[in-house]
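# Coordinate analysis (summary)
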Amino acid sequence: MTSRNQTLFEESQRLIPGGVNSPVRAFKSVGGSPLFFTRGQGAYVWDADGKRYIDYVESWGPMIVGHCHPDVVKAVQDAAAQGLGFGAPTEAELEMAELLCKLLPSLEMVRLVSSGTEATMTAIRLARGFTGRSRIIKFEGCYHGHSDGLLVKAGSGALTFGQPSSSGVPADIAALTTVLDYNDAAGLERTFAEMGDEIAAVIVEPVAGNMNLILPKREFLDAMRALCTKHGAVLILDEVMSGFRVGLQGAHGHFGIKPDLLTLGKVMGGGLPAAAFGGRRDIMQCLAPLGPVYQAGTLSGNPVAVAAGLATLNLIQASGFYDRLTQTAKQMTDGLRASAAKHGIPFSAQSIGSMFGVYFSKQPPTSYAEIMACDKEAFNRFFHAMLDEGVYLAPSAYEAGFVSAAHTEADVAATIAAADKIFAGW
Ligand SMILES: *Cc1c(COP(=O)(O)O)cnc(C)c1O
């Protein structure tokens, strides 16, 4: 019997490149045919064949209160009934700005956009406009959306210029990006010593979630803050994923590191397209229409997206919300680790807030090189076996996982039991 998922995928591939509207969805990394989803509720999603899965992808992060939370659905319905968009300011945008600046004190001013890519792209432009410098520093394995200057990988040898990691990115643009190793404070210090007066910005995921989950070392965060301050570079903390995931104050609140600019997305849109960047007032005042750095968006601050975001941000402020999520993620990673250990499988797992990582390596990796050294084939086997058991993990060994407030202890226990069954037959 052919599955509806497969039929839809075959038809989609005729009209949509790779059959998907964002590459990781195509299951290329894990092999096989992607699932087409029809519905989500709480911690679960259903595919086109009607099979239910416990969802640990959560639309890549936004669904922190679970799918179709009644408050969020109602807020969206109410907003939609008042008008889908005006391209003019609304009171809800002011409410969102007030809430973001209240929850995240490093935001003195904020602007809403529609995607994380827009937020980081503009934060870079703003940092360049503010400093009058061109060079940016990023770290290998961090993802900051798909704008040209950020689709860059390390060149050969230390202190070389970056090379495009995508065809279509001009080498001249990639050359303005220096790519360093995540968690390498000494490498960052050497680079600043060499070219500190050229560096407009350092952009980083303060908890990395796009090369699986990699936690930052304290000295790495401290070096970044101190060097940017010393050399007049703008520190951009990209919290599109970690913001409202690691905790209510994001990764920077968790670790107590103050950004000059901060980017947000995912959770703050509650599942609809809303994102933001903001930070120091003196920098944000360089933005048009106040200043010379241009940025605009027809759908920026869209009232329906803002309503979904506000409803979500209201729910996550409930007392104990993050304590529970942190507990859920920890319960899960502890259980998976114990099961793998029992069966003698080289495996590790860790979590921070509602983000978790599972690795087919003895220790959780701390760098891009270490994550690349994990057993990818083992992950792919595990991924498909879990899928058969009704557990939907991210379809790549290089993505973080997420729990939501809708995941119950029973869901976590079922997930661990599924893994235990797989590991027993490993
Ligand atoms: C998802 C992500 C982005 C890009 O956001 P989009 O909304 O997909 O454009 C940027 N930075 C980080 C850290 C992300 O996780």
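Computed from a predicted structure; not experimentally measured.

### Some points on the site of the ligand
The environment of the ligand is made up of Ser115, Gly116, Thr117, Tyr143, His144, Gly145, Glu205, Asn210, Asp238, Val240, Met241 and Lys266. Within the contact set of the ligand, an oxygen atom lies 2.7 Å away from a side-chain nitrogen or oxygen of Thr117. For the ligand, an oxygen atom lies 3.1 Å from a polar atom in the side chain of Asn210. Grouping the amino acids of the shell around the ligand by side-chain chemistry returns three nonpolar, six polar and three charged.

### Structural notes on the packing of helix H3 (residues 91–103) against helix H10 (residues 303–315)
Relative to each other, H3 and H10 sit at 35 degrees, their axes nearing to 10 Å. Handedness of the H3/H10 crossing: left-handed. Contacts from Ala92, Glu93, Glu95, Met96, Leu99 and Leu100 of H3 reach H10 at Val306, Gly309, Leu310, Leu313 and Asn314. Across the contact of H3 with H10, the residue classes break down as seven nonpolar, two polar and two charged.

### Overview of the sheet that holds strand E9 (residues 199–204)
Read from one edge to the other, the open sheet built from seven strands follows the order E4-E12-E11-E10-E9-E5-E8, with strand pairing classed as mixed. At either margin of the open sheet sits one strand with a lone partner, and together these are strand E4 (109–113) and strand E8 (177–180). Between one strand axis and the next, the sheet turns by 20 degrees as a mean value, whatever way the strands run. With four bridges connecting them, strand E11 (residues 261–264) and strand E12 (residues 275–279) associate as antiparallel partners. Opposite Leu261, over in E12, you have Gly279 as the bridge partner.

### Quick look at the domain arrangement of the protein chain
Domain assignment breaks the protein chain into domain 1 (4–64 + 319–424) and domain 2 (70–315). Inter-centroid distance (C-alpha atoms) of domain 1 to domain 2 is 25 Å. Listed per partner, the contact involves 29 residues of domain 1 and 28 residues of domain 2. Taken together, the two surfaces of domain 1 and domain 2 that pack against each other cover about 2,300 Å², and 63% of this comes from carbon and sulfur. For the pair domain 1 and domain 2, the number of links is one salt bridge.

### Considering the layout of surface pockets
Space inside the second largest pocket adds up to approximately 490 Å³. Lining of the second largest pocket is provided by 25 residues; of these, Glu93, Arg111, Leu112, Ser300 and Gly301 occupy positions nearest its centre. Tallied by class, residues from the lining of the second largest pocket come to 14 nonpolar, nine polar and two charged.

### Details of empty space enclosed by the protein
By the definition in use, this model includes two cavities of 30 Å³ or more. Roughly 90 Å³ of volume is contained in the largest cavity. Every residue along the wall of the largest cavity is listed here: Tyr56, Asn212, Phe356, Gly357, Val358, Phe379, Leu393, Ala394, Ser396, Ala397, Glu399 and Gly401. A per-element tally of the lining of the largest cavity places strand E14 (residues 355–359) first, with three residues. For the lining of the largest cavity, the per-class residue count stands at seven nonpolar, four polar and one charged. In this structure, the second largest cavity encloses a volume near 60 Å³.

### As for helix H7 (residues 218–231)
The end-to-end C-alpha separation of H7 is 20 Å, in line with the 20 Å expected for 14 residues at 1.5 Å each. Taken together, the buried positions of H7 are Phe220, Leu221, Ala223, Met224, Arg225, Leu227, Cys228 and His231. Directly after H7, the chain includes Gly232, whose backbone phi takes a positive value near 70 degrees.

Conventions and cut-offs
- Residues numbered from 1 in each chain as written.
- Predicted model: local features only at pLDDT ≥ 70, side-chain atom pairs only at ≥ 80, totals over all residues.
- Heavy atoms only, no water.
- Near = heavy atom within 4 Å.
- Polar contact = N/O pair within 3.5 Å; in protein donor to acceptor, adjacent residues only side chain to side chain.
- Nonpolar A, V, L, I, M, F, W, Y, C, P; charged D, E, K, R; others polar.
- Axes fitted to C-alpha atoms, helices over the stretch in contact; angles between N-to-C directions.
- Helix = DSSP H or I, 4+ residues; strand = E, 2+ residues; numbered from the N terminus.
- Left-handed = near helix turned anticlockwise from the far one by under 90°.
- Contact = heavy atoms within 4.5 Å.
- Pairing = 2+ DSSP bridges.
- Domains from an automatic or database assignment.
- Buried area = accessible area lost by both parts, 1.4 Å probe.
- Salt bridge = Lys/Arg side-chain N within 4 Å of Asp/Glu carboxyl O.
- 1 Å grid on protein atoms, 1.4 Å probe; cavity = no way out; pocket = protein on both sides within 12 Å on 5 of 7 lines; lining within 4 Å.
- Points joined across faces, edges and corners; volume = space filled by probe spheres on them.
- Expected span 1.5 Å × (residues − 1).
- Buried < 20%, exposed > 50% of the residue type's maximum accessible area, 1.4 Å probe, protein only.

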